[in-house]
Amino acid sequence: MKFKFNTNLIVNIVIIGYVLLILAMYVSFSYPSLFGGSQSTVNNEPFIPNVSNNDLKAFDEEAPANLTSSYYHYKQFNDSVKTIRELRNGEYWMGGGQVFASVLATEENLQCDTCSKKWLYDRVFNFKEHNDAKKYGIDHFRWYIKLPGWKLNDARWALGPDSIQFYAKGGQSFIRKIIVHRGKRKDTVVKIWNTVDQPVKFNYNHRDRAILIPCSRSAKHAVDIIIIIVNICLALYFLYLISGFLKFVLDLSKGLAFTGKNVRRLRLIGLSLLIYPVGIFALNYLIWLIFHNYFTEDVVLNGNLWTNNWKTIGVGIVFLALFKAFRQGKLLKDEQDLTV
Amino acid sequence: MAIIVNLDVMMARRKMSLTELSERVGITMANLSILKTGKAKAIRFETLEAICLVLNCQPGDILEFIPD
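Since this is a predicted model, take the numbers as computed values, not measurements.

Enquirer: Can you walk me through the interface of chain A and chain B in this structure?
Expert: Interfaces are often sized by the accessible area lost when the parts come together. Taken together, the contacts link six residues of chain A with 11 residues of chain B. For the pair chain A and chain B, the two sides together bury roughly 740 Å², of which 62% comes from carbon and sulfur. Of all residues in chain A, the largest losses of buried area upon contact with chain B belong to L338, T339 and V340 of chain A, amounting jointly to 83% of the total for that side. For the pair chain A and chain B, the number of links is zero salt bridges. Scanning the region where chain A abuts chain B turns up four residue pairs in polar contact (both at pLDDT 80 or more). Here the side of chain A that touches chain B is built from residues that sort into two nonpolar, two polar and two charged.

Put into structure tokens, the structure is as follows:
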């Protein structure tokens with residue numbers, strides 16, 4: 001098969017860059033020592049055993065010895081542990097929040113350190129009271145500003161060195177993380193894995209993997225109103241874009257393809273679709289600037305931002321390419337119209 | 001534009017109206033008007049040939065180059 005380079009410089013650069021990236025990834029995975037990886041044998045360093053210092057108390061209830069009686073009991077226990085953990089962490093969702101893209105949201109949760117699953121289910125199923133504040137006790141309500149764009153840098157596989165877990169105890173939030181350092185045990189150099197608890201100012205939503213900033217009820221309501229207004233404006237703008245696209249399609253069906261209006265519509269749609277994801281990233285960095293006092297070095301930008309937005313960028317690029325093509329078409333048409 | 005169209009001058013010399021010229025050349029009044037007012041971006045050889053034939057003149061009598 002004959003490989004033929006495209007004459008376009010940009011296309012060539014992209015192809016070469018892609019090939020180089022694949023090569024670099026292959027080399028870095030196959031020979032990590034070249035990049036200072038963990039399998040380095042350059043210094044003839046002897047094998048260093050790992051020693052774990054996990055002497056911190058588990059933050060979930062230990063499984064009872066007779067749990068193996070049935071799968072039903074196992075599921076019940078698991079459910080109970082999960083519910084109690086959510087209550088203790090202040091992430092038991094009560095609803096009533098607004099969401100603005102992957103930037104800002106609000107949440108109203110229950111937080112209770114000593115409540116059991118029975119306490120919760122009694123209130124859900126046996127109480128006649130319809131007022132939630134009276135049913136659950138207003139003291140148990142917590143209001144949060146949720147930041148879907150920011151999450152803990154937690155490894156989701158087992159307990160790797162990067163794994164970070166959030167938990168709360170007595171209303172105080174902690175992150176539990178593993179710190180690896182070298183030490184000596186019985187005259188042998190070992191890698192010691194220490195699990196440490198670090199107090200933090202934020203809470204965490206494990207379901208959505210989002211940072212929660214505690215706030216007052218009135219602050220939550222103020223943010224709700226701002227989000228509703230912004231969402232309405234955004235929805236109206238998107239309706240305007242959709243109507244522009246429909247008018248463009250109608251014009252095409254009437255044979256009026258290369259008109260100034262169509263060119264402007266395509267440019268507006270393309271630019272809007274490209275600016276939207278960029279705006280989402282920019283707003284998330286603005287959020288970081290506003291709340292950086294709450295963040296630690298373990299809070300990172302959520303990777304979902306990219307996976308949610310790359311399609312929008314792709315469609316935006318397609319619309320901009322269409323805009324360029326239609327602008328050229330309009331130029332040719334104008335010239336043709338003025339040729340006698 | 002540096003190219004000046006002197007169609008109106010030639011039409012006046014030949015005492016020919018725009019309607020008559022358009023009928024004899026076979027192009028629309030709108031297109032002829034575009035040419036006469038200098039808005040045209042291009043002219044086809046066949047149009048030029050037809051105009052020259054009807055007005056009995058050379059292309060140079062209709063088109064003139066004056067540097068900007």
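Enquirer: Please clarify how a positive patch on the surface should be interpreted in this entry.
Expert: Residues and elements named next belong to chain A. A grouping of K247, K261, R264, R267, K324 and R327 is seen on the molecular surface, where their side chains present a positively charged patch. Counting residues per element, the ones that place at least two in the positive patch are α6 (260–291) and α7 (304–337). Per-element accounting of the positive patch gives the leading share, three residues, to α6. Within the secondary structure, K324 is located in helix α7.

Enquirer: Any chance you could explain the nonpolar core here in plain terms?
Expert: Where a protein is soluble and globular, its nonpolar side chains tend to be buried together. Of all hydrophobic cores here, the largest spans 35 residues; its most connected members are L147, F202 and I211 of chain A. With four residues, strand β5 (residues 141–147) of chain A is the single largest residue contributor to this core. Viewed by domain, this core spans two of them, domain 2 (50–220) and domain 3 (232–337) of chain A, each represented by three or more residues. Beyond its immediate stretch of four places on either side in the chain, L147 of chain A contacts V103, L104, A210, I211, I213, I287, F291 and F295 of chain A. Formed by 22 residues, the second largest nonpolar core is a distinct cluster that contains V340 of chain A together with L18, L55 and I62 of chain B.

Enquirer: Just to check I follow, could you spell out the packing of helix α2 (residues 71–89) of chain A against helix α3 (residues 117–126) of chain A for this structure?
Expert: The description of two helices packed together rests on the angle between their axes and the distance between the axes. Residues and elements named next belong to chain A. Between α2 and α3, the shortest axis-to-axis distance is 9 Å and the interhelical angle comes to 85 degrees. One finds that α2 runs roughly perpendicular with respect to α3. Note on element contacts: α3 touches α2 through K117, L120 and Y121, opposite Q76, D79, S80, T83, I84 and L87. A breakdown of the residues in the contact of α2 with α3 according to their chemical character gives four nonpolar, three polar and two charged.

Enquirer: Explain the environment of Y237 of chain A to me, please; I cannot follow it from the model alone.
Expert: Residues and elements named next belong to chain A. Tracing the chain through its elements places Y237 in helix α5 (residues 217–253). Setting aside chain neighbours within four positions, we find Y237 in contact with L268 and S272. A distance of 2.7 Å separates polar atoms of two side chains, one belonging to Y237 and the other to S272.

Enquirer: When you look at a nonpolar patch on the surface in this model, what are you seeing that I'm missing?
Expert: All names here are of chain A. On the surface, I228, I232, L236, L239, I242, F245, L246 and V249 cluster together into a nonpolar patch covering about 720 Å² of accessible area. Relative to the assigned elements, F245 resides in helix α5. The exposure class assigned to F245 is partly exposed, which follows from its relative accessible area of 33%.

Enquirer: Could you clarify how one ought to interpret helix α3 (residues 29–36) of chain B in this entry?
Expert: It helps to recall that an α-helix has 3.6 residues per turn; residues three or four apart then point in one direction. When α3 of chain B is considered as a whole, its buried residues turn out to be L32, I34 and L35 of chain B. Across the axial projection of α3 of chain B, the buried residues extend over an arc of 155 degrees, all falling on one side. Taken together, the buried residues of α3 of chain B touch α7 of chain A together with β1 (3–5), α1 (7–13), α2 (18–25) and α4 (45–55) of chain B. Among the residues trailing α3 of chain B, G38 of chain B stands out with phi positive, at a value near 80 degrees.

Parameters and conventions
Residues numbered from 1 in each chain as written. Chains lettered and ligands numbered in written order. Predicted model: local features only at pLDDT ≥ 70, side-chain atom pairs only at ≥ 80, totals over all residues. Heavy atoms only, no water. Contact = heavy atoms within 4.5 Å. Buried area = accessible area lost by both parts, 1.4 Å probe. Salt bridge = Lys/Arg side-chain N within 4 Å of Asp/Glu carboxyl O. Polar contact = N/O pair within 3.5 Å; in protein donor to acceptor, adjacent residues only side chain to side chain. Nonpolar A, V, L, I, M, F, W, Y, C, P; charged D, E, K, R; others polar. Patch = residues over 30% accessible without salt bridge, like charges linked within 9 Å, V, L, I, M, F, W, Y side chains within 5 Å. Areas by Shrake-Rupley, 256 points an atom, 1.4 Å probe, with all protein chains shown as cover. Lys, Arg positive; Asp, Glu negative; His and termini not counted. Charge placed at Lys NZ, Arg CZ, Asp CG, Glu CD. Helix = DSSP H or I, 4+ residues; strand = E, 2+ residues; numbered from the N terminus. Core = buried A, V, L, I, M, F, W, Y, C linked by side-chain atoms within 4.5 Å. Buried < 20%, exposed > 50% of the residue type's maximum accessible area, 1.4 Å probe, protein only. Domains from an automatic or database assignment. Axes fitted to C-alpha atoms, helices over the stretch in contact; angles between N-to-C directions. Parallel < 35°, antiparallel > 145°, perpendicular 65-115°, else oblique. Arc of directions from axis to C-beta.

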